[in-house]
Structures are given as C-alpha cells and as structure tokens.
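Topology and contacts: notes
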Amino acid sequence: MAEAAGDRDETTEVHAAYARQARRWKHGSYRSWEPGNLFIEYESERVVLRLLERRGLLPLADREILDVGCGSGRALLRLLARGARVPGLHGVDVQQELIEEARGAAPSLDFRVGDATELPFADDSFDIVLASTMLSSMRSDASRAQAAREMLRVVRPSGCIVVYEFSVNPRNAEVRPLRPRDLRRLFPGLRLDSRRVSLAPPIARAIARRSWLACTLLGAVPLLRTHTLTVVSPPPGVSSPTAEGASRG
C-alpha cells in the first residue's frame, strides 16, 4: 500500500509540475514563437534528423512515431512538415488539458491521455519513440526506470528512442536533470549516441532577437550547451535485455 501511495504522490507531483511548465510556455519568455525558443527548437530538430538518417530511419513517411510527454503536440506537427504521415503519428501526455489542445490543433492525429510508466500501446509498435524533457520531470528513480522500460517495450528492435534532456539546469526547480551516466543506468546494455546541444536558454532568449548568427557561434561552445540529445538503440543484431524483461504479455 505504501508503494501505491508513493506512486500516486509522484503522479500528482508530475501533473502539477507539467501544469506549471505549460503555463510558462504560454507566457513571457517561454512562448514558443520567441526567437530564442525557436533557435533551440530548430537546432535540436536538425540534430535529431541527422541522427535518424544515420540509422536508416529517414524518410519518415512510413514510420510509426510516438511522442511520450507530447504536450500540445508541437513536435509531431513539425514532423508532418518533415515528411511524416498522419496515420503514423501518436502522442501521449498526462495532462488532459494539453491533449485537448493537441486534438484541437490536429484532430486527425492520435493523441491520448496516459502515463509514461504505463503506455497504452502494444509491444514493438513504433519505429521512433521521442521523449523531450519528460524523464527530467519525474523525481523518483523508480518512475524514471519504469518509463524507460515502457519506451523500450513499445519500440521495435530496428527502431530507436530519442531522448532530449537537461544535463545542466540551474534555474528550473521543476526538473531533475539527466546526465549521460543517468541515461546509461536507465538503458543498460544498449547503444547510446549522445550529443551536447542547445545554447543555454537564457542566453538564447537574450541574443536571438538581435542576432541569430551570434546564437549559432555561442552554441558551438560546449560549456554553453545545457541539454543532451541521446539516441538509444540496441547494438546491431542484439535484442534489448531490458525490453525483453519489460514486455507485459
């Protein structure tokens, strides 16, 4: 009973944290159309597409793609512009309000309310699973590990999981950063291809409005990058032991 109560407490905390972050994205410097935020989005998308191409997962037209913690669905809508097709795009988020917003923006896409620790999809359903700043919103190691197992359960052996996370985050008390060593613990025995990305958001927001070039130059300095973008995939010819153990009959 104590474990169940702990799970409920964490779920409530995650809901509250997501709701606060969602409000920030609609106001002030967090708004999606602000130049600094656009710079960060475009740069991370460019890196993701390059890494997917290296794994033979482009073009996206015939891929089944899941965004875990999809929010209002912006990432999936951007993938439509990159060649993905409507039947293959799926999103799940714990926030009913955000899912309703996503459905309003793209009613033909498959958006569902759900928890990352119990994804409402069958084993081996997806070629690409996205998780953008989702794991860092989970406080407990147990919840993070369960979410990782669930993503491994639903991704196909030939596919991959793309994790975009804070590795340095001194100003946001809502999240608990994930560093490469944390990801190695979450995905043991798997191949992890990590890149430091994203010019520190306060710097990007202060500079992008004046000079996109200055952001590009500063973003090339490793010490100024605050996020890690990691592609998780099984080594060639080897099934994921974690995924096998996570399968739910």
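What this report covers is the structure whose coordinates are included nearby. Note that this is a predicted model, so its numbers are computed, not measured. (Residues numbered from 1 in each chain as written. Predicted model: local features only at pLDDT ≥ 70, side-chain atom pairs only at ≥ 80, totals over all residues. Heavy atoms only, no water.)

1. Thoughts on helix H4 (residues 96–105)
Of the positions making up H4, those classed as buried are Leu 98, Ile 99 and Ala 102. For H4, the arc enclosing every buried residue in end-on projection is 100°, short of the 170-degree limit, so these residues lie on one face. Exposed side of H4, more than 90 degrees from the buried face: Glu 97 and Gly 104 are the residues found there. (Buried < 20%, exposed > 50% of the residue type's maximum accessible area, 1.4 Å probe, protein only. Helix = DSSP H or I, 4+ residues; strand = E, 2+ residues; numbered from the N terminus. Arc of directions from axis to C-beta.)

2. Thoughts on the pattern of salt bridges
In this structure the tally under the stated criterion is 14 salt bridges. Residue Asp 62 pairs with Arg 85 through a salt bridge whose shortest N-O separation is 3.9 Å. Residue Asp 62 is found in the loop between helix H2 (35–54) and strand S1 (65–68), and its partner Arg 85 is found in the loop between helix H3 (74–81) and strand S2 (89–93); the two are separated by 23 residues along the sequence. Here the two residues Asp 62 and Arg 85 agree in accessibility, since each one is exposed. Here Asp 193 and Arg 195 are joined by a salt bridge, their closest N and O atoms 2.3 Å apart. Judged by relative accessible area, Arg 195 falls into the partly exposed class, the value being 24%. (Salt bridge = Lys/Arg side-chain N within 4 Å of Asp/Glu carboxyl O.)

3. So, unusual backbone geometry
If a residue is not glycine, its phi is most likely negative; likewise, a peptide bond is most likely trans. Look at the link from Leu 58 to Pro 59: it is a cis peptide, with omega at 0°. By secondary structure assignment, the location of Pro 59 is in the loop between H2 and S1.

4. Structural notes on the nonpolar core
Here is a general trend for soluble globular proteins: nonpolar side chains tend to be buried in one another's company. Ile 65 and Val 162 are the most contacted members of the largest nonpolar core, which totals 32 residues. Every element with two or more residues in this core is listed here: H2, H3, H4, strand S4 (126–132), strand S5 (155–166), strand S6 (191–199) and strand S7 (225–233). When residues in this core are grouped by element, the largest group, seven residues, is from H2. Excluding residues within four positions of it along the chain, Val 162 makes contact with Val 48, Leu 52, Ile 128, Val 129, Leu 130, Ala 131, Leu 229, Thr 230 and Val 231. By size, the runner-up hydrophobic cluster in this structure holds 26 residues, among which are Val 155, Leu 186, Phe 187 and Val 232. (Core = buried A, V, L, I, M, F, W, Y, C linked by side-chain atoms within 4.5 Å. Contact = heavy atoms within 4.5 Å.)

5. Topic: the sheet that holds strand S3 (residues 110–113)
Spatially, seven strands are ordered S3-S2-S1-S4-S5-S7-S6 in an open sheet, and the strand pairing comes out mixed. Each edge of the sheet is formed by a strand with only one pairing partner; in this case those strands are S3 and S6. On average, each strand axis in the sheet is inclined to that of its neighbour by 15°, with strand direction left out of account. Across six bridges, S4 lies against S5 in parallel orientation. Within S5, the position partnered with Ile 128 by the bridge is Cys 160. Strands S4, S5, S6 and S7 of the sheet are contacted by H2, whose axis makes an angle of about 160° with S6. (Pairing = 2+ DSSP bridges. Axes fitted to C-alpha atoms, helices over the stretch in contact; angles between N-to-C directions.)

Coordinates in, geometry out; function isn't part of it.
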